[in-house]
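Below are the chains, spelled out letter by letter.
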Amino acid sequence: MVLFSSHKQDSIIDGITMKHLHLFLTLFAVLACAADGTPRTLNLREAPYAAAADGTADDRPALLRAFADARPGDTILLPPGDYRIVLTGGAATVPEGVTLWGHSGKTRLLLDTSGTTSDYREFLRPKSGVTLLGLTVERAADFPCVLFPLHGDAENIAFRDCRISGGQSRFPGRYCHALRVGHGTLRNVILSGVTIEDCCYGLFQPNAATGTLEGLTVEHSRFARNTSSDLEFNAPNGVMRGITVRDCFFSDNRSKTPGGGFAVGFANVQNARVENCVMRGYGSEILHVEDRSADILLTGNTLSAGSLLQPNGVIMVLSDSKRVTIANNVIDARANTNRAHLILVTAGGTRFANPSEVSVTSNVLVNGASTRTWYLQGGSGPPPSANLVFPGPAKPE
């Protein structure tokens, strides 16, 4: 059977350029994948998105087009480049089950604003199953913002191998918080291999928030030069439980206020642990536990140069906190010139009961010239045991 005559076939081929043929085949492949549900990779630099990634053109429309096309299981690929993103108001939503994949250290998202220096902005709001991988996010203009509001009901959100830089030193008049939680129910969040630097808060929950956070892990991550607390877990009107911070490095906090600037703070938190972290250079407490927090483990950490500006404790436990274990840590206060305690367990005022069941065991405690080893409120727990205490250097006569 002859399907096409030679003349007719030549006519068809002459009317179709190789470019048209390539586009047709590409469209056919995309439609075939869409039909069978195969995960796709959407390259933000290629058509139909065509992001410039030159640091000048606004690539937010390209990103929004990719979000509109993406479905669960898809990957939006951001090749190396500087993607200028002009924020116009509320956060863009990353669709459920989508991965944003950049080239570590070479894919930069530079955040600008369409408004004035006082117009509040947000960047991205990930839905369930979203992974952000290999992205550098930088605030590149002067405006107040929360970069990642983790709001609504969501689960299984991951930030991996990302760097978030808030530009607080460049734009000190406007806050930049990296992550905010507390609105809706959020479960199973992980930050792994993440750097959060030069922000205000790294992660926080507002006092008035009524949401639930269950299961958050921060591991192998770095926090530096933030102007408030790096990780502020605070739920006076909500629920927070199942928090793990491990194998992280915290340094050079820039807070000058007495009520903030912790490496990790827990308030009204249940079942949390900080383990095997290195932490140094804090004006306030490095580890802070308060306000009815319970079942908290602080173990295996190395802390130095903490509570440099406030005469409190490098580790501080107060306000009806229960079942707090402080074990196998090294606290080095040789950089302190003030009379801070290395460990301070106290009532924290008349509004709360004393802490209870606080255990202090097997720590190495190195005093500075004027520091005090500990103050443990009467009745707060068993006597400290198996701690190795070194006195500070002798004062010159």
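Scroll up for the structure.
Cut-off values and rules
Residues numbered from 1 in each chain as written. Predicted model: local features only at pLDDT ≥ 70, side-chain atom pairs only at ≥ 80, totals over all residues. Heavy atoms only, no water. Salt bridge = Lys/Arg side-chain N within 4 Å of Asp/Glu carboxyl O. Helix = DSSP H or I, 4+ residues; strand = E, 2+ residues; numbered from the N terminus. Buried < 20%, exposed > 50% of the residue type's maximum accessible area, 1.4 Å probe, protein only. Arc of directions from axis to C-beta. Core = buried A, V, L, I, M, F, W, Y, C linked by side-chain atoms within 4.5 Å. Contact = heavy atoms within 4.5 Å. Polar contact = N/O pair within 3.5 Å; in protein donor to acceptor, adjacent residues only side chain to side chain. Disulfide = S-S within 2.5 Å. Phe/Tyr/Trp six-rings, centres within 6.5 Å; stacked < 30°, edge-to-face > 60°. Pairing = 2+ DSSP bridges. Axes fitted to C-alpha atoms, helices over the stretch in contact; angles between N-to-C directions.

## Concerning the pattern of salt bridges
Working step 1: Scanning all chains against the criterion turns up 18 salt bridges.
Working step 2: Ionic pairing is found between Arg108 and Asp82, a salt bridge with its closest N-O pair at 2.9 Å. One end of the pair, Arg108, is in strand β7 (residues 107-113); the other, Asp82, is in strand β4 (residues 81-87), with 26 residues separating them in the sequence.
Working step 3: Judged by relative accessible area, which is 27%, Arg108 ranks as partly exposed.

## Section: helix α3 (residues 60-69)
Working step 1: Of all the residues in α3, the buried ones are Arg60, Ala62, Leu63, Ala66 and Phe67. Projected down its long axis, α3 carries its buried residues within an arc of 160°, all on one side.

## Things to note about the nonpolar core
Working step 1: Core analysis: the largest hydrophobic core is formed by 89 residues, its most contacted members being Phe148, Phe233, Val245, Phe250, Val264 and Phe266.
Working step 2: Ranked by residue count, the leading element in this core is α3, at four residues.
Working step 3: Sequence-distant contacts of Phe233, defined by excluding residues within four places in its chain, comprise Leu203, Leu216, Met240, Ile243, Val245, Val264, Gly265, Phe266, Ala267 and Val269.

## Describing the side chain of Thr107
Working step 1: As for its placement among the helices and strands, Thr107 is situated in strand β7.
Working step 2: Engagement of the side chain of Thr107 in a polar contact is seen with the backbone oxygen of Pro79, the distance being 3.4 Å.
Working step 3: One polar contact links the side chain of Thr107 to the main-chain amide nitrogen of His103, over a distance of 2.8 Å.
Working step 4: Here Thr107 is in contact with Leu78, Pro79, Pro80, Gly81, Tyr83, Gly102, Gly134, Leu135 and Thr136, once residues within four sequence places are set aside.

## Regarding the state of the cysteines
Two cysteines joined by a covalent bond between their sulfur atoms form a disulfide.
Working step 1: All told, the structure shown has zero disulfides when counted by the stated rule.
Working step 2: Considering cysteine sulfurs only, Cys248 is the nearest to Cys277, which forms no disulfide, with 4.7 Å between them.

## So, the packing of aromatic side chains
Working step 1: All told, the structure shown has five aromatic pairs when counted by the stated rule.
Working step 2: Ring centres 4.8 Å apart and planes at 10° place the aromatic pair Phe223 and Phe250 in the stacked group. One end of the pair, Phe223, is in strand β20 (residues 222-224); the other, Phe250, is in strand β23 (residues 249-251), and 27 residues separate them in sequence. Each member of the pair Phe223 and Phe250 is classed as buried.
Working step 3: Among the aromatic side chains, those forming a connected cluster through ring pairs are Phe123, Phe148 and Phe159.

## A closer look at the pairing of strand β3 (residues 75-78)
Working step 1: Both strand β1 (residues 41-43) and β3 contribute to a ladder of three bridges, which runs parallel. Looking across to β3, one finds that Asn43 is bridged to Leu77.
Working step 2: Where β3 meets strand β6 (residues 99-102), four bridges bridge the pair, whose relative direction is parallel. When the bridges of β6 are listed, Leu77 appears paired with Trp101.

## Some points on the sheet that holds β6
Working step 1: The sheet built from twelve strands is open, its strands ordered β1-β3-β6-β10-β13-β16-β19-β22-β25-β28-β31-β34 with parallel pairing. A strand with exactly one partner marks an edge of an open sheet, and here the two such strands are β1 and β34 (356-361). Recorded for the sheet is a direction-independent mean angle of 10° between the axes of neighbouring strands.

## Brief notes about unusual backbone geometry
Working step 1: In this structure, the amide linkage connecting Ala47 to the following residue, Pro48, adopts the cis form with an omega of 5°.
Working step 2: Looking at the secondary structure, you find Pro48 in the loop between β1 and β2 (54-58).
Working step 3: A positive phi angle is found at Asn328, which is not glycine, with a value near 60°.
Working step 4: Relative to the helices and strands, Asn328 resides in the loop between β31 (322-327) and β32 (330-332).
Working step 5: Here Asn328 falls in the partly exposed class, since its relative accessible area comes to 46%.

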